[in-house]
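# Structural characterization, general
For reference, the chains in residue letters:
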Amino acid sequence: VNIYVVVKPVPDPKTKLTYDPEQKTVIRAGLATVINPPDKNALETGLRLREQSGGRVTVFSLAPPSAGESLKETLAMGADEVYLVSDPVFAGSDTLITALILARAISAIGVPDLVLAGDRTTDSGTSHVPAQLGEWLGLPHLANACEIVLRDQKNLAVKTSLDEVFISYRVTLPAVVSVTRRINRPRLATLLEMVRSRSKPVTLLDAAALNLSPEQTGLNASPTKPGRLLPARPVVKEGTIMSGTVGEMAQEILNRLQSLGYGPKAGGGLG
Ligand SMILES: Cc1cc2nc3c(=O)[nH]c(=O)nc-3n(C[C@H](O)[C@H](O)[C@H](O)COP(=O)(O)OP(=O)(O)OC[C@H]3O[C@@H](n4cnc5c(N)ncnc54)[C@H](O)[C@@H]3O)c2cc1C
């Protein structure tokens, strides 16, 4: 089967995000990026399906040119090819336009049997993109897959997870499916694979290659208009290092729980 995986480079969690007060968007220039964690699960799903049934796994990412380096990790994990979809006119695109641009890129290379995505990103996490991608491509789409089995070249069995139930679906391919992190444990690329991936190419697709005009993409084409940007109240967490004997410390914890309304009634100490 021919599989595409859409992968988003997200800010490295070790870096602190800053926001453009005018555009109300994250300032991404110069940010170190890593691959959005659930997208590695999507890639792992694609690689396992390829191991079972043959075919190719191709990665698509809409990101600034600087993200090319972090995308090499997908080649090291085993992707056959990577397309970086990037152009200055794409900057400022909301989820709808991001999905449109990705759909154009996918159509330009050729609609595959299956498009896999992560279920959400760690930087904005709307979960919009996979469903919007399905709509732009005119394909069936499913979210929150925790199990995917290829029945034959045209049919996929998909189990999705909600809070308290699982739902089984049978989907006719081609389709778009987003996966949760519980679907598998992504493989780690070896050092040798990482080194080899350095010399493998990442193919750039720009607006001209996708026949997209500046009016169709970016901030002005995006229906989402952010309102006010307000700083969130920082969450203050405090720790206390306790001292004394084990019994004294246990009593102290009990006293504190009681002062919060938990635990046995006063006077029923540990003894
Ligand atoms: C007004 C506005 C302006 C914005 N300007 C910018 C900007 O200039 N630059 C910028 O980077 N972001 C910008 N954003 C944010 C951008 O729209 C979202 O980050 C992007 O559309 C993905 O949404 P999400 O992170 O919520 O993805 P989700 O929908 O939560 O992602 C689910 C899955 O979809 C796939 N996916 C999502 N995004 C991509 C992608 N880019 N490439 C490949 N696969 C993907 C991944 O598999 C991911 O796990 C802007 C948003 C708004 C509202």
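Up top is the structure these notes are about.
Residues numbered from 1 in each chain as written. Predicted model: local features only at pLDDT ≥ 70, side-chain atom pairs only at ≥ 80, totals over all residues. Heavy atoms only, no water.

## Considerations on the pattern of salt bridges
Oppositely charged side chains are able to pair whenever their charged atoms sit close together. Test applied: Only one rule defines a salt bridge in this text: a Lys or Arg side-chain nitrogen within 4 Å of an Asp or Glu carboxyl oxygen. Helix and strand assignments follow DSSP, with helices taken as H or I runs no shorter than four residues and strands as E runs no shorter than two, numbered in order from the N terminus. Relative accessible area decides the class of each residue, using a 1.4 Å probe on protein chains only: under 20% of the type maximum gives buried, over 50% gives exposed, and in between gives partly exposed.
What the rule picks out here adds up to 11 salt bridges. In this structure, K40 and E73 form a salt bridge, with 2.7 Å as the shortest nitrogen-oxygen distance. Of this pair, K40 sits in helix 1 (residues 37–53) while E73 sits in helix 2 (residues 68–77), and the two are 33 residues apart along the sequence. A residue is classified by how much of its surface remains accessible, and K40, at 22% relative accessible area, is partly exposed. The residue R187 makes a salt bridge to E51 at a minimum N-O spacing of 2.9 Å. With R187 in the loop between strand 12 (175–179) and helix 5 (191–198) and E51 in helix 1, this pair connects stretches of sequence that are 136 residues apart. Residues joined by salt bridges that share partners form a network here, namely E44, R48, E51 and R187.

## Here's the deal with the pairing of strand 6 (residues 56–62)
Filter applied, for reference: For two strands to be treated as a pair, DSSP must find no fewer than two bridges joining them.
For strand 6, the tally of buried residues reaches six of seven residues, placing the bulk of the element in the interior. Judged from the five bridges that link them, strand 1 (residues 2–6) and strand 6 form a sheet pairing that is parallel. Bridge pairing in strand 6 places V6 opposite F60. Here five bridges tie strand 6 to strand 7 (residues 81–85), and the two strands are oriented parallel to one another.

## Some words on the pairing of strand 8 (residues 114–118)
Judged by how many residues are buried, strand 8 sits mostly within the fold: five of five residues are covered. Residue alternation in strand 8 divides its side chains into two sets, L114, L116 and G118 and V115 and A117, and both sets are buried. Bridge analysis of strand 1 against strand 8 gives three bridges, and the strand direction is parallel. In the sheet register, V5 faces strand 8, and the bridge partner there is L116. Summarising the sheet, strand 8 and strand 12 pair through five bridges and their orientation is parallel. Bridge pairing in strand 12 places A117 opposite S178.

## Structural notes on the nonpolar core
Side chains of a nonpolar character, in soluble globular proteins, are inclined to be buried together. To be explicit about the condition: In this text, buried Ala, Val, Leu, Ile, Met, Phe, Trp, Tyr and Cys residues form a nonpolar core when linked through side-chain atoms within 4.5 Å. Residues are treated as being in contact if the distance between any of their heavy atoms lies within 4.5 Å.
Grouped together as the largest cluster of nonpolar side chains are 33 residues, with contacts concentrated most on V5, L116, I148, L156 and V177. Discounting chain neighbours no more than four positions away, the residues touching L116 are I3, Y4, V5, V6, A42, T45, G46, I148, V177 and V179. Among the nonpolar cores identified, the runner-up in size contains 24 residues, and L102, I106, A117 and L133 belong to it.

## Concerning helix 3 (residues 95–109)
Put simply, the rule reads: Multiplying 1.5 Å by the residue count of a helix minus one yields the expected span of that helix. The definition of a polar contact used here is a pair of N or O atoms within 3.5 Å, where within protein one atom must be able to donate a hydrogen and the other to accept one, and adjacent residues in sequence count solely through side-chain atom pairs.
Along its 15 residues, helix 3 runs 21 Å from first to last C-alpha, staying within 8% of the 21 Å computed at 1.5 Å per residue. The complete set of buried residues in helix 3 reads T95, I97, T98, A99, L100, I101, L102, A103, A105 and I106. One side-chain oxygen at the N-terminal end of helix 3 lies 3.2 Å from the backbone nitrogen of L96; it belongs to D94. Phi turns positive one or two residues past the end of helix 3, at G110, with a value near 120°.

## Quick notes on the side chain of T45
Position of T45 relative to the elements: it lies in helix 1. Classification of T45 as buried rests on a relative accessible area of 6%. A distance of 2.7 Å separates a polar atom in the side chain of T45 from the backbone oxygen of N41. Within the local environment of T45, its side chain forms a polar contact with the side chain of N184, the two groups lying 3.1 Å apart. Setting aside chain neighbours within four positions, we find T45 in contact with L116, I148, V179, I183 and N184.

## Some words on the sheet that holds strand 12
As a general point, the strands of a sheet are linked pairwise by backbone hydrogen bonds and lie either parallel or antiparallel. Rule in force here: Axes here refer to lines fitted to C-alpha atoms; in helices the fit is confined to the stretch in contact. Angles between the N-to-C directions go from 0 to 180 degrees.
Within the open sheet, the nine strands sit side by side as 11-10-9-12-8-1-6-7-13. Their pairing is mixed. At either margin of the open sheet sits one strand with a lone partner, and together these are strand 11 (166–172) and strand 13 (203–205). Geometrically, the sheet is characterised by an average inter-axis angle of 30° between neighbouring strands, direction not taken into account. Running over the sheet, helix 1 touches strand 1, strand 6, strand 8, strand 9 (141–152) and strand 12 and is turned about 150° from strand 8.

## Focus: the site of the ligand
In plain terms, the rule: Proximity criterion: a residue is near a molecule or strand once any of its heavy atoms comes within 4 Å of it. All accessible-area figures derive from a Shrake-Rupley calculation using a 1.4 Å probe, and residue coverage is judged against the displayed protein chains alone. Classes in brief: Ala, Val, Leu, Ile, Met, Phe, Trp, Tyr, Cys and Pro nonpolar; Asp, Glu, Lys and Arg charged; the others, Gly included, polar.
The immediate surroundings of the ligand are formed by 32 residues, with K8, D39, G92, T121 and S124 found nearest. With respect to the ligand, the backbone of V7 contributes an N or O atom lying 3.5 Å from a nitrogen atom. T95 places a polar main-chain atom, nitrogen or oxygen, 3.5 Å from an oxygen atom of the ligand. Contact with the protein chains hides 89% of the accessible area of the ligand, taken as 940 Å² for the molecule alone. Secondary structure elements with two or more residues in the shell around the ligand: strand 6, helix 3, strand 8 and helix 4 (129–137). A per-class count over the shell around the ligand returns 11 nonpolar, 15 polar and six charged.

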